[in-house]
Amino acid sequence: MKFVQNFKQIFAQSKYDTIACDIYGVIHDGIKAYPFSKSALEDLKKNNQHVILLSNSTRLEDKLNAHMKSKFDINTNAYEEILSSGTLTKLYLRDIATYAETSHLERASCHATAQYNGQSTIIEPQEFAKTYLKTGKFFLAGDPDWQEPLYLPLAPTLTRVNDYNDIDFVLLGSIRGLYPEKRVIDNFSEKQVREDYQPLLDKCLERNVPIICANPDVFAPNGVYDDGSTKLLICPGYVGKMYEEMGGRVLYFGKPFKSIYNYLIENKSRSSIKEGDVQVSSKILCVGDNLSTDISGASEAGLDVVMILGGVHWEELKDAKDNDELIIRIQKLCKEFNSPEPTYVMPLLCYE
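Now for a quick tour of the structure.

What counts, and where the lines are drawn
Residues numbered from 1 in each chain as written. Predicted model: local features only at pLDDT ≥ 70, side-chain atom pairs only at ≥ 80, totals over all residues. Heavy atoms only, no water. Pairing = 2+ DSSP bridges. Helix = DSSP H or I, 4+ residues; strand = E, 2+ residues; numbered from the N terminus. Axes fitted to C-alpha atoms, helices over the stretch in contact; angles between N-to-C directions. Contact = heavy atoms within 4.5 Å. 1 Å grid on protein atoms, 1.4 Å probe; cavity = no way out; pocket = protein on both sides within 12 Å on 5 of 7 lines; lining within 4 Å. Points joined across faces, edges and corners; volume = space filled by probe spheres on them. Nonpolar A, V, L, I, M, F, W, Y, C, P; charged D, E, K, R; others polar.

### Brief notes about the sheet that holds strand 6 (residues 119-123)
Logical step 1: On the basis of which strands lie adjacent, the open sheet formed by 7 strands has the order 6-5-13-10-9-7-8 and mixed pairing. Edge strands, defined here as strands with exactly one partner in the open sheet, are strand 6 and strand 8 (159-161). Between one strand axis and the next, the sheet turns by 35° as a mean value, whatever way the strands run.
Logical step 2: Bridge count for strand 5 (residues 112-116) against strand 6 is 5 bridges, and the pairing is antiparallel. Counterpart to Gln115 in the pairing with strand 6 is Ser120.
Logical step 3: Against the sheet, helix 5 (residues 125-132) makes contact with strand 6, strand 9 (169-172), strand 10 (211-213) and strand 13 (250-252), and its axis sits at roughly 100° relative to strand 6, the strand it touches most.
Logical step 4: Relative to strand 7 (residues 137-141), helix 6 (residues 144-151) is tilted by about 150°, and along the sheet it contacts strand 7, strand 8 and strand 9.

The following block contains the structure:
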């Protein structure tokens, strides 16, 4: 683990073909962009870096691009594209529907990583369809405005229903309550989230219904309180963990799971998209703030990773008196979150 101030210090030591950069907690905190993040992306692009934004959002690239521009004034010319867990969820659902309709799938677009009884396994869409799909009915625990593009084109093979008592699976997309039109919950309150989602999880466990979690994040920084402390928004991964702890099966696509890193390496890294390449030879540098997702996932995929300190773990790190104490605190957090240590540590996303 090396402490650096910026990318130029990293590039002086090592060369990378592709930068795979997290968004939430690295580029912005959900409310405003972090200092230097916009200029860092622009400078990476100016210096011929192939920048892919890697997000656990359920939204697709067009919506994420529009959000980056309208809220944070970051244009699409500052990066190549955005790869989200929502994109992989859409591809997976499409493959499930294709197999259900034809009993054949030439090649799966991606796979899901299933967590069950503490074990991690790969589930291809064909296997999911054969094991779980009976009626094609599913319940959306999320926001139709955000998640409809993932499933709407697949009707009637996959059909969203409003009653979760007779379904094949749950699509867990965002935390807004099971029936927000009847009861609004505070998605910063663990107590309210647990109370609202528990009946759904109980029914799913009773019938062995799997949950497809389109966003594995448990918490994400979302602004600050009046005292300056970081506000943490509860994310779909929180409910996914609840179901895992009950003994249920949860399928994931984003960080830290292999699904998104395999897809990145095979389809989105600079060397993987060159004409004439017979195998992927890219050297990818990942960037993120969250030990549980960004750091753990990249490390387990065999990729170097920069940990940005100003994100989800800032409260535990902000009052370290010097870099030596900072490194000790990060090492302690790595043990607490069962994560490998990052390759590099950088205070904020910064080019030079």
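### What to know about empty space enclosed by the protein
Logical step 1: Enumeration over the complete set of coordinates arrives at 2 cavities of 30 Å³ or more.
Logical step 2: Size it by volume and the largest cavity reaches roughly 90 Å³.
Logical step 3: For the lining of the largest cavity, the secondary-structure elements that each account for two or more residues are strand 11 (219-224) and helix 10 (291-300).
Logical step 4: The element contributing the most residues to the lining of the largest cavity is strand 11, with 3 residues.
Logical step 5: Partitioned by chemical class, the residues of the lining of the largest cavity number 5 nonpolar, 3 polar and 5 charged.
Logical step 6: Estimates place the volume of the second largest cavity at around 40 Å³.

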